[in-house]
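Inside the fold
Below, each chain spelled out in residue letters.
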Amino acid sequence: MRDARRYEILMSKSALTLKFKCTKCAKLVTLYLQKTTACSHITPYQGWCKCGQLMRHATGDKDAVASFVDSMDPLWSHHHHH
């Protein structure tokens, strides 16, 4: 039981990096987990291809993901609207 709990904890953490093919030149690009607030609404990743293409990927809330992926602002951050 103890090993199963450890596995569950490890699997619930976000990966620090993801790899995708560049949409411009098809080279492999490493996307790095970006610093976020303590909320769980979004897990954003971004990285630069050697060809100069900025690539972004995220998981989480549909609107927050769309905002991040569509933004070209390198200082993008998730804000809660109440």
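Coordinates for the structure precede this section.
This text gives an overview of the structure that appears in the document. Residue positions are counted from 1 within each chain, in the order its sequence is given. For a predicted model such as this one, the threshold for reporting local features is a pLDDT of at least 70, and the threshold for listing and counting side-chain atom pairs is 80 or more; totals across whole chains, interfaces and linings nevertheless cover every residue. Here the side-chain values reflect all heavy atoms present in the structure, with hydrogen atoms and water set aside.

In this structure, Ala26 is a non-glycine residue whose phi angle is positive, near 70 degrees. Runs of E in the DSSP output that reach at least two residues are strands. Runs of H or I that reach at least four are helices, and both are numbered from the N terminus. For Ala26, the position within the fold is in the loop between strand 1 (17-21) and strand 2 (28-33). Residue burial is assigned from relative accessible area. The probe radius is 1.4 Å, only protein chains are included, and a residue is buried under 20% of its type maximum, exposed over 50%, and partly exposed in between. By relative accessible area, Ala26 is classed as partly exposed at 47%.

A few words on the packing of aromatic side chains. Only centres within 6.5 Å qualify two rings of Phe, Tyr or Trp (six-membered ring in Trp) as a pair; their planes then separate them into stacked at under 30 degrees, edge-to-face at over 60, and tilted for everything else. As enumerated under the stated definition, the model contains zero aromatic pairs in all. Charges are assigned to positions over rings by a cutoff of 6 Å between ring centre and Lys NZ or Arg CZ, combined with an angular limit of 35 degrees from the ring normal. Arg56 extends its terminal NZ or CZ atom over the ring of Phe68, reaching a point 4.4 Å from the ring centre.

In this sheet, strand 2 lies alongside strand 1 in antiparallel orientation, the contact comprising five bridges. Along strand 2, the bridge assignment pairs Thr17 with Tyr32. Note: two strands are recorded as paired if DSSP finds a minimum of 2 bridges between them. In sequence, strand 1 turns back onto strand 2 through a hairpin of six residues, with Ala26 there showing a positive phi of about 70 degrees. Examined bridge by bridge, strand 2 and strand 3 (residues 42-48) share two bridges and lie antiparallel to one another.

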